[in-house]
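Structural characterization, general
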Amino acid sequence: MVDSQNTPARQRPSIVSISSYLLFVFLACQVISLIITLSTIGKTRDAVRDAYAASTVDNADQVADVFFAVGLASSVLLLLFAIVLAVLALFNNQGRNGARITTWIVGGIMVCCVGVSLVSGAAGGMTAGGESAGNGPSGEEIQRRVEEALPSWVSPVSLLLSVISLIALVTALILLALPKANPFFRKATAAWEPPTPGASYPGHPQAPGQPGYPQAPGEPGYPSSGEPSYPPPPPANRPDDTPPADRPGSTPPSTS
């Protein structure tokens, strides 16, 4: 068997590409949400502080600061998770199954977070409908003051971004789980191709234009001149090669 050096690259299914695009849409929504939060969080803190101005609740002056810190930290955390998902989308496009599994884990956490935020925003905020503690402002009063302090477009846009984020994220996770995407995330195997005549193989040196053959162990090599070799001719008889006269059979017979 011969491993092909030109194994064709796996073709990425369209559902994997669409899933990655949706994860980038989720990132874009979180970036816009953070910008809106940074531009309005100061007014929100001032509205909460004014609502607690005449309150005798313990640490009432710190409630606005806690509200500010929690709102800002939540937006930044969502953005960080969105960046992680965007990076995982790049690895998903390369067919890495570990990245797909991590996307499901991180994406599942984000679905819960965005879902809770969406339900809270649709219900009119976390402070809406709350009971007043002591002589402190009620949740409805706080929500009213916050809505008056913020531009009228903030709440609808924030709600729309949450809806788009949730739909994009859930759809991206579902697309990655479809059976059509499974072959792309399997480990690629080397293809086999028949040997090519005249190809060189490891351990067999090849001369230019001719196939090479290994030399047998223990046999010396001789250079070839291109002409066949012949054994040397036998030596001619010399005078000193005549047998001696006293040797039997060396005297010629008598003719008498």
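Everything numeric here is computed off the predicted structure, so don't read it as measured data.

**Observations regarding a nonpolar patch on the surface**
There is a patch of nonpolar side chains on the surface, built from Val76, Leu77, Leu80, Ile83, Val87 and Phe91 and spanning about 470 Å² of accessible area. Tracing the chain through its elements places Val87 in helix α2 (residues 60-92). A relative accessible area of 39% places Val87 in the partly exposed class.

**Topic: the confidence of the model for the protein**
On average, residues of the protein score 76 in pLDDT, and 61% of them reach the 70 mark or higher. Here helix α4 (residues 139-149) stands out as the least confident element of the protein, with mean pLDDT 81; helix α5 (residues 154-177) is the most confident, with 94. Below a pLDDT of 50 lies the segment residues 1-5, which in the model reaches eight contacts outside its immediate sequence neighbourhood of four places, other chains included. Note that residues 126-133 has pLDDT below 50 and, in this model, 14 contacts with residues that lie over four places away or in other chains.

**Some thoughts on the nonpolar core**
In this structure, Val16, Leu23, Phe26, Leu85, Met110, Leu169 and Phe185 are the most contacted members of the largest nonpolar core, which totals 27 residues. Of all elements in the fold, only α1 (14-51), α2, α3 (97-122) and α5 reach the threshold of two or more residues within this core. Excluding anything up to four places from it in sequence, Phe26 contacts Ala82, Leu85, Met110, Val114, Ser165 and Leu169. Residues Ile36, Val48, Ala51 and Ala64 belong to the second largest nonpolar core, which totals twelve residues.

**Concerning the pattern of salt bridges**
Evaluated as defined, the whole model comprises two salt bridges. For the salt bridge of Arg49 with Asp65, the shortest nitrogen-to-oxygen distance reads 3.0 Å. Of this pair, Arg49 sits in helix α1 while Asp65 sits in helix α2; the two residues are 16 residues apart in sequence, bridging distant segments of the chain. Under the relative-accessibility criterion, Asp65 is labelled partly exposed at 35%. The partner of Arg144 in a salt bridge is Glu148, with the nearest N and O atoms 2.7 Å apart. One end of the pair is Arg144 and the other is Glu148, both in helix α4 and four residues apart, which spans about a single turn. Taking the relative accessible area as the measure of exposure, Arg144 reaches 37% and is therefore partly exposed. Exposure remark for Glu148: the relative accessible area of 56% places this residue in the exposed category.

**Examining α5**
In this model α5 runs 35 Å from its N-terminal to its C-terminal C-alpha over 24 residues, within 8% of the 34 Å that 1.5 Å per residue would give. Of the residues making up α5, those classed as buried are Val154, Leu161, Ser162, Ser165, Ala168, Leu169, Ala172, Leu173, Leu175 and Leu176.

**Brief notes about the environment of Tyr21**
One can find Tyr21 in helix α1. Looking at Tyr21, the relative accessible area reads 56%, which means it is exposed. Linking Tyr21 and Ala86, residues 65 residues apart in sequence, is a C-alpha distance of 8.9 Å.

How each quantity is defined
Residues numbered from 1 in each chain as written. Predicted model: local features only at pLDDT ≥ 70, side-chain atom pairs only at ≥ 80, totals over all residues. Heavy atoms only, no water. Patch = residues over 30% accessible without salt bridge, like charges linked within 9 Å, V, L, I, M, F, W, Y side chains within 5 Å. Areas by Shrake-Rupley, 256 points an atom, 1.4 Å probe, with all protein chains shown as cover. Salt bridge = Lys/Arg side-chain N within 4 Å of Asp/Glu carboxyl O. Helix = DSSP H or I, 4+ residues; strand = E, 2+ residues; numbered from the N terminus. Buried < 20%, exposed > 50% of the residue type's maximum accessible area, 1.4 Å probe, protein only. pLDDT = per-residue confidence, 0-100. Contact = heavy atoms within 4.5 Å. Core = buried A, V, L, I, M, F, W, Y, C linked by side-chain atoms within 4.5 Å. Expected span 1.5 Å × (residues − 1).

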